[in-house]
Amino acid sequence: NEDKQDNIFSRLSNILDNLRNFVNTVTPYSSAGFKEEVEKRKDQLIQDIETLCAIPSVYDEKTAGENQPYGKACRNALDAMLEIGKRDGFVTYDEHGYAGHIDIGDQEESFGILGHLDVVPVNEVGWNSDPFKVVQVNDKLYGRGVADDKGPLLAGYYAAKIIHDLNLPVKKKIRVIFGCDEERGSSCVAHYFQNNPFPSMGFTPDAEFPVVYGEKGIVRFDIKGDVKKDGLVAMVAGDRVNIVPEKCEAIIEGNHKQYEASFKEFLEKNHVTGVIEEEGNCTKLILKGKSAHASLPEEGINAVSLLATYLDGIINNKLVHFIATYLNDYDGKGLQINHEGLMGKLTMNLGVVRYVKEKAEIELDLRCPHEIDLKKMADDVEELCHSYGLTLESDIHEPLYVDPNSELIQKLHKAYVEVSGDTTSAPQAIGGGTYAKSMPNCVAFGCEFKGEDNAIHGNNENIKVDSLLKSTEIFAKAIYDLIKE
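Residues numbered from 1 in each chain as written. Predicted model: local features only at pLDDT ≥ 70, side-chain atom pairs only at ≥ 80, totals over all residues. Heavy atoms only, no water.

Engineer: So what exactly am I meant to see when it comes to the sheet that holds strand S24 (residues 462–464) here?
Structural biologist: Two pairing modes exist for strands in a sheet, parallel and antiparallel, and in both the strands are linked by backbone hydrogen bonds. Strand order in the open sheet formed by 3 strands is S4-S5-S24, and the pairing between neighbours is antiparallel. Every other strand in the sheet has two partners, leaving strand S4 (135–137) and S24 as the edge strands with one partner each. Ignoring strand direction, the axes of neighbouring strands in this sheet form an average angle of 25°. The sheet strands contacting helix H12 (residues 465–483) are S4, strand S5 (140–142) and S24, and the helix crosses S24 at an angle near 70°. (Pairing = 2+ DSSP bridges. Helix = DSSP H or I, 4+ residues; strand = E, 2+ residues; numbered from the N terminus. Axes fitted to C-alpha atoms, helices over the stretch in contact; angles between N-to-C directions. Contact = heavy atoms within 4.5 Å.)

Right under this line is the structure:
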């Protein structure tokens, strides 16, 4: 009797499995089902985020070498992500330390999820916890990389893994691709795609919701030249062109006492803080602003342009005057290159300034709508620089535009609406540059929700656990809708 019962149960189980597979072939897997599967994997997802974020994967020239072109820490992060794929039984690939991928499925055609493992440097002060040890406080994870981009990358990976684990019928494999140099210009995936085919379509979870159909062109200006002292001994600020510098230091000729009153008044008027002190026979000035990402420079306070504005009133230095006159805004009005198009306004960030021993260098980051002739814009700015005895080198990256009515945009947005309940937000264009520009038919999608601030590139970078799980659910629904048989 027991043998008969076991046989009956076994046959019933097979019938149920076949029925489940049949239902999945004719109807989409429900969003509610994906939500349940995400919840089951919550603890493991967070544990994997903790593992990746414990690795300080900032570019390190000192440890760069064979199979680790961006340094030892980036190599360690790549190995850790590859190990996660191997642990789960998937085929992995290492592109000589530049990037890697995990294949989920064995179909010929692939759907790509692109994320990055490198992170920006951490400020010495301003964090409430160890930035490389993930902590959870009030339903938020804190740590460098939890939102940019290790957490979102793993959300995409887990979404793909869920589709695989459920044995859902799909016509494409999912290839999770991860690089180690996104923050410095994405040379990693450029190298990767020289040796590997493009997926037929994909997304990068390295921006915000809803789906991003357009990314502004990114133009970098490097302005250099010899500038006479004329009262300015030194001026230094910033180490990344894509971050609004929160501190600027300058040394000027003259005793500090003659500037104390005017500097204090300037600080109070502009609602910022600073320090003025004696520096030998000269005066040292420090102005503290607020950092922000170069794609949203208006959210920061640029310490360089603000200090230059003050200095332009007390000394007659050509570099100071150039900054205060032409670079003292966030939209290019001073340079007469301001423009507003379908993607929004042109934005400009003065990210780096170095003036030492009468040698000057300025680095600018501009995010430009697709209607602008970027080459002509660069030529016009170069002409202005020449009039000041300065040279200009430009690095131009064209904008990204994917038809908002395409299948990719429509199905990604549909999944976002169904899971989030947000029926008012529309597909958007942004100023940030992502891996989406590295391959055809690819866009940015998630993970930051409207009304949330993940403090990306800033102190106390964070992501809500609920938002992380919801993102994973959205990704699973979207991917399945795009690749199901």
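Once the structure has been displayed, the description carries forward.
Engineer: Explain helix H5 (residues 150–165) here, please?
Structural biologist: Residues lying three or four places apart along an α-helix face the same way, a consequence of the helix completing one turn every 3.6 residues. An ideal rise of 1.5 Å per residue puts 22 Å on 16 residues; H5 measures up with 22 Å between its terminal C-alpha atoms. Where H5 ends, the next residue or the one after it, Asn167, has phi of about 55°, a positive value. (Expected span 1.5 Å × (residues − 1).)

Engineer: What exactly am I supposed to notice about the pairing of strand S7 (residues 201–204) here?
Structural biologist: A regular strand places its side chains on the two faces of the sheet in alternate fashion. The alternating pattern of S7 places Met201 and Phe203 on one face and Gly202 and Thr204 on the opposite face, and all of these are buried. Direction of pairing for strand S3 (residues 110–116) relative to S7: parallel, over a ladder of 3 bridges. Counterpart to Phe111 in the pairing with S7 is Met201. Where S7 and strand S22 (residues 442–444) come together, 3 bridges link them in parallel fashion. Note on S22: the bridge partner recorded for Gly202 is Cys442. (Buried < 20%, exposed > 50% of the residue type's maximum accessible area, 1.4 Å probe, protein only.)

Engineer: Before we go on, may I ask you to explain the environment of Glu260 in this structure?
Structural biologist: Assignment of secondary structure puts Glu260 in helix H7 (residues 260–270). A sequence separation of 25 residues divides Glu260 from Leu285, and the C-alpha atoms of the two residues are 9.8 Å apart.

Engineer: Would you explain the side chain of Ser57 in this entry?
Structural biologist: For Ser57, the position within the fold is in the loop between helix H3 (42–53) and helix H4 (72–87). Residue Ser57 is classed as buried on the basis of its relative accessible area of 0%. Among the polar contacts listed, one links the side chain of Ser57 to the backbone oxygen of Leu117, at a separation of 2.6 Å. Apart from residues no more than four positions distant in its own chain, Ser57 is found in contact with Ala73, Cys74, Ala77, Leu117, Asp118, Val119 and Lys150. (Polar contact = N/O pair within 3.5 Å; in protein donor to acceptor, adjacent residues only side chain to side chain.)

Engineer: Before we go on, may I ask you to explain the environment of Arg75 in this structure?
Structural biologist: With respect to the helices and strands, Arg75 occurs in helix H4. Taking the C-alpha atoms as reference points, Arg75 and Gly126, 51 residues apart in sequence, are found 27 Å from one another. Once you skip the residues sitting within four places of it in the chain, Arg75 turns out to touch Asn67, Gln68, Leu82, Asp94, His96 and Gly97.

Engineer: Quick question: what am I supposed to make of the packing of H3 against H5 here?
Structural biologist: Angle between the axes and distance between the axes are the two parameters that describe a pair of packed helices. As a packed pair, H3 and H5 sit with axes 10 Å apart at the nearest point and diverge in direction by 140°. As summarised for this structure, H3 and H5 are arranged oblique, according to the angle between their axes. Between H3 and H5 lies a crossing of right-handed hand. The segment H3 lies against H5, with Gln44, Leu45, Asp48, Ile49, Leu52 and Cys53 engaging Lys150, Gly151, Leu154, Ala155 and Tyr158. In terms of residue class, the contact of H3 with H5 is built from 7 nonpolar, 2 polar and 2 charged. (Parallel < 35°, antiparallel > 145°, perpendicular 65-115°, else oblique. Left-handed = near helix turned anticlockwise from the far one by under 90°. Nonpolar A, V, L, I, M, F, W, Y, C, P; charged D, E, K, R; others polar.)

Engineer: Would you mind showing me how to read the packing of aromatic side chains here?
Structural biologist: What describes a pair of aromatic rings is the distance from one ring centre to the other and the angle between the planes of the rings. Inspection of every chain in the model, using the stated rule, returns 22 aromatic pairs. Between Phe193 and Phe198 the ring centres are 4.8 Å apart and the planes differ by 45°, which places this aromatic pair in the tilted class. Using a relative accessible area of 11% as the deciding quantity, one classes Phe193 as buried. Taken together, the ring pairs connect Phe111, Phe203, Phe209, Tyr416, Phe445, Phe449 and Phe475 into an aromatic cluster. If you follow Arg184 out to its NZ or CZ, it ends over the ring of Tyr59, 3.6 Å from the centre. The ring of Phe449 carries the charged tip of Lys470 above its face, separated from the ring centre by 5.8 Å. (Phe/Tyr/Trp six-rings, centres within 6.5 Å; stacked < 30°, edge-to-face > 60°. Lys NZ or Arg CZ within 6 Å of the ring centre and 35° of its normal.)

Engineer: Please explain the side chain of Asn242 as it appears in this structure.
Structural biologist: Residue placement: Asn242 occurs in the loop between strand S11 (232–237) and strand S12 (247–253). Once you skip the residues sitting within four places of it in the chain, Asn242 turns out to touch Glu183, Arg220, Ala292, His293, Ala294, Asn349, Asp365, Arg367 and His457.

Engineer: Can you walk me through the pattern of salt bridges in this structure?
Structural biologist: Side-chain pairs of opposite charge can arise whenever the charged atoms involved come near each other. Inspection of every chain in the model, using the stated rule, returns 27 salt bridges. Between Asp88 and Arg87 there is a salt bridge, with the nearest N and O atoms lying 3.0 Å from each other. A salt bridge links Asp181 to Arg184; its shortest N-O distance comes to 2.7 Å. The buried category is assigned to Asp181, whose relative accessible area is 2%. Given a relative accessible area of 40%, Arg184 falls into the partly exposed group. Residues joined in a network through salt bridges with shared partners are Glu37, Lys40, Arg41, Lys161 and Asp165. (Salt bridge = Lys/Arg side-chain N within 4 Å of Asp/Glu carboxyl O.)

Engineer: Just to check I follow, could you spell out the packing of H5 against H12 for this structure?
Structural biologist: Between H5 and H12, the least distance of the axes is 8 Å, while the angle of their chain directions is 50°. When the axis of H5 is compared with that of H12, the two are oblique. The two elements H5 and H12 meet at a crossing, and its hand is right-handed. Between H5, through Gly151, Pro152, Ala155, Gly156, Tyr158, Ala159 and Ile163, and H12, the contact on the second element is made entirely by Leu468, Thr472, Phe475, Ala476, Ile479 and Tyr480. Looking at side-chain class alone, the contact of H5 with H12 contains 10 nonpolar, 3 polar and no charged residues.

Engineer: Looking at this structure, how should I read the sheet that holds strand S13 (residues 273–279)?
Structural biologist: Read across the sheet, 8 strands follow the order S13-S14-S12-S11-S17-S18-S10-S19 without closing on themselves; strand pairing throughout is antiparallel. The open sheet is flanked by S13 and strand S19 (391–397), the only strands paired with a single partner. Here the average twist between neighbouring strands, direction ignored, is 15°. The sheet contact formed by strand S10 (residues 217–226) and S19 spans 7 bridges and is antiparallel. Within S19, the residue paired with Asp222 across the bridge is Glu393.

Engineer: Mind showing me how you'd approach the nonpolar core here?
Structural biologist: The nonpolar side chains of a soluble globular protein tend to be buried, and buried together. Judged by nonpolar contacts, the single largest core of 83 residues is most densely connected at Met81, Tyr157, Phe445 and Ile479. No other element matches the 11 residues that H12 contributes to this core. Residues contacting Tyr157, with those up to four places away along its chain left out, are Met81, Ile84, Gly85, Asp88, Phe90, Ile102, Ile104 and Val176. Ile252, Tyr310, Leu311 and Leu392 belong to the second-largest nonpolar core, a separate cluster that totals 54 residues. (Core = buried A, V, L, I, M, F, W, Y, C linked by side-chain atoms within 4.5 Å.)

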